[in-house]
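Topology and contacts: notes
Okay, here's what each chain looks like letter by letter:
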Amino acid sequence: MSVHWNWARTFYCRPRLYVEPKSIDSLRTLLNEINETKSKVRVIGCGHSPSSLSMSNEVLISMKYFNKILEIDEINHEIHCESGVLIRALNDILPQHNLSLTVQGSVNELTIGGVISTATHGSGIKYGSISSYVRAITLMKLNGDIKEYYLDDDEDLFRCLTCSLGTFGIIISVRLQVSPLFYLELNQKPLEFHTFLNTLSIHYSSSDHFRYMWYPHTNSGIAYHLNRVNPRLINNKKKSIFSRIISWFSNSLIGHHLLELLFYFSLYFPSLVRRINRMYAKLEGKTLHKIDRCDKLFNFDCLFRQYASEWAIPLDQAVSCLTELEQSMEQYKNVHFPIEIRFSKDEDLSYLSPAYGRKTCWINTVAYRPYGKIHYQHRPFFQAFEHICHKYNGRPHWAKEHPLKNEDFAQLYPKWNLFKEKREEFDPNNFLINDCLKNVFLN
Ligand SMILES: Cc1cc2nc3c(=O)[nH]c(=O)nc-3n(C[C@H](O)[C@H](O)[C@H](O)COP(=O)(O)OP(=O)(O)OC[C@H]3O[C@@H](n4cnc5c(N)ncnc54)[C@H](O)[C@@H]3O)c2cc1C
């Protein structure tokens, strides 16, 4: 029995049966067996989600071989790809056709099936999560039937399928609206946290893809203004050996290895965290201007393994929520940087997108696990964070850890019961519900 870990190595499972099917026929045969043995099953892409969402101790199906881009329509800006296609592959191939993904998260080692099933988002008040760009989904139901679903066929069902946490069946392929190829111009500058709070709307509305990184326990942060520009020859001069050594020194040695060591020490001396945050706010709080292809500036290095909690707060409550968060933080010594603050538009295409029906401010906190060390020192702050975000009507990111249950979601999502009814039609025996989702849908 092999062991499967998520990316952060915070959750694992030992599936009785792990399979990587290569064809529709083998998927169907597998589903027959599952129906006969009445087994629980999870379908995964990379299995990277930072929670137990993608875990199963019974049957685990990886879609890694469903990795073909089936069609690229350059005129209508639409692609059709199998669900196991990596975001990284799309970032490599779409520019050759003068296209780009419209939005994406911080990393590209994720599958299209995984990102649309969890409403993965980037930042930009005019843009939705990746789920909001889905135009059709081909799904294999648990009885083996395959159908391509469009919005016009059944609006309610389609709005469930575009963010469905793997609870309706196996997503075989997805048609996605994409954008003409674009580059981003980055203007990065230090911005005090209190100034940021007082001018929040100016920032998120003055650039296409604004995000903010706060160094908790300090009044420091960095504002990243990213604006779309047309593709152009980039005038990034080739770096000299000297500047490459300097950038290795600052990014790899100081930004990664020294930081990991310092956070490791802080597990034994938690009050060190404030000093580390202060020191890195100074080191990293630089002004920077850069133009590059969009994915190269959307994606960034998430450093090392970490616990993560992220909530979608209604935009009009973001300042109050962040203010209360800052006040509460005085009780804790060890909140790691950065707290990442991002924005997205109100969505209507996915009933379960955390940004459904409201403009959203996403707040993400991490607790690093230096050298893979398992620790629970972050729990008191994470609990306070969850409590405050929930108080401000926050909805947790589906792929990250949260304490909410069915009755909480019923309050938070206007179409919750409709989603549950549709889900039960597709999976009346709850074969697709694992322990993580039991709390969400059944208890
Ligand atoms: C380092 C890191 C950085 C991240 N950054 C961001 C970010 O910037 N923004 C953000 O919003 N999120 C972010 N995330 C969360 C991430 O986008 C989601 O966890 C995403 O689902 C992971 O993709 P995956 O292929 O690993 O999905 P998995 O973990 O394999 O699956 C996720 C869900 O999708 C379902 N699923 C996957 N494929 C299928 C299929 N073919 N059919 C049916 N169901 C399927 C699974 O059942 C599961 O419910 C990050 C995660 C990591 C680890």
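Residues numbered from 1 in each chain as written. Predicted model: local features only at pLDDT ≥ 70, side-chain atom pairs only at ≥ 80, totals over all residues. Heavy atoms only, no water.

1. Topic: the state of the cysteines
Taken as a whole, this structure holds zero disulfides when the rule is applied. Here C13 stays unpaired: no disulfide links it, and the sulfur of C436, its closest cysteine neighbor, is 12 Å away. Under the relative-accessibility criterion, C13 is labelled buried at 2%. Lacking any disulfide linkage, C46 is separated from the closest cysteine sulfur, that of C81, by 13 Å. (Disulfide = S-S within 2.5 Å. Buried < 20%, exposed > 50% of the residue type's maximum accessible area, 1.4 Å probe, protein only.)

2. Notes on the site of the ligand
Around the ligand, a shell composed of 33 residues is seen, among which V43, G47, S49, S106 and T111 lie nearest. Protein contact buries 97% of the 970 Å² of open area that the ligand shows by itself. Among the residues forming the shell around the ligand, the class breakdown is 13 nonpolar, 18 polar and two charged. (Near = heavy atom within 4 Å. Areas by Shrake-Rupley, 256 points an atom, 1.4 Å probe, with all protein chains shown as cover. Nonpolar A, V, L, I, M, F, W, Y, C, P; charged D, E, K, R; others polar.)

3. Structural notes on the domain arrangement of the protein chain
The domains assigned to the protein chain are domain 1 (69-181) and domain 2 (183-396). The centre of domain 1, based on its C-alpha atoms, is set 26 Å off from the matching centre of domain 2. Counting residues at the interface gives 34 residues for domain 1, matched by 32 residues for domain 2. Our enumeration of links across domain 1 and domain 2 arrives at one salt bridge. Between K126 and D208 there is a salt bridge whose closest N-O contact spans 2.9 Å. Mapped by element, the contributors of at least two residues to the side of domain 1 that touches domain 2 are strand 9 (134-140) and helix 4 (155-161). By residue class, the composition of the side of domain 1 that touches domain 2 is 13 nonpolar, 17 polar and four charged. (Domains from an automatic or database assignment. Contact = heavy atoms within 4.5 Å. Salt bridge = Lys/Arg side-chain N within 4 Å of Asp/Glu carboxyl O. Helix = DSSP H or I, 4+ residues; strand = E, 2+ residues; numbered from the N terminus.)

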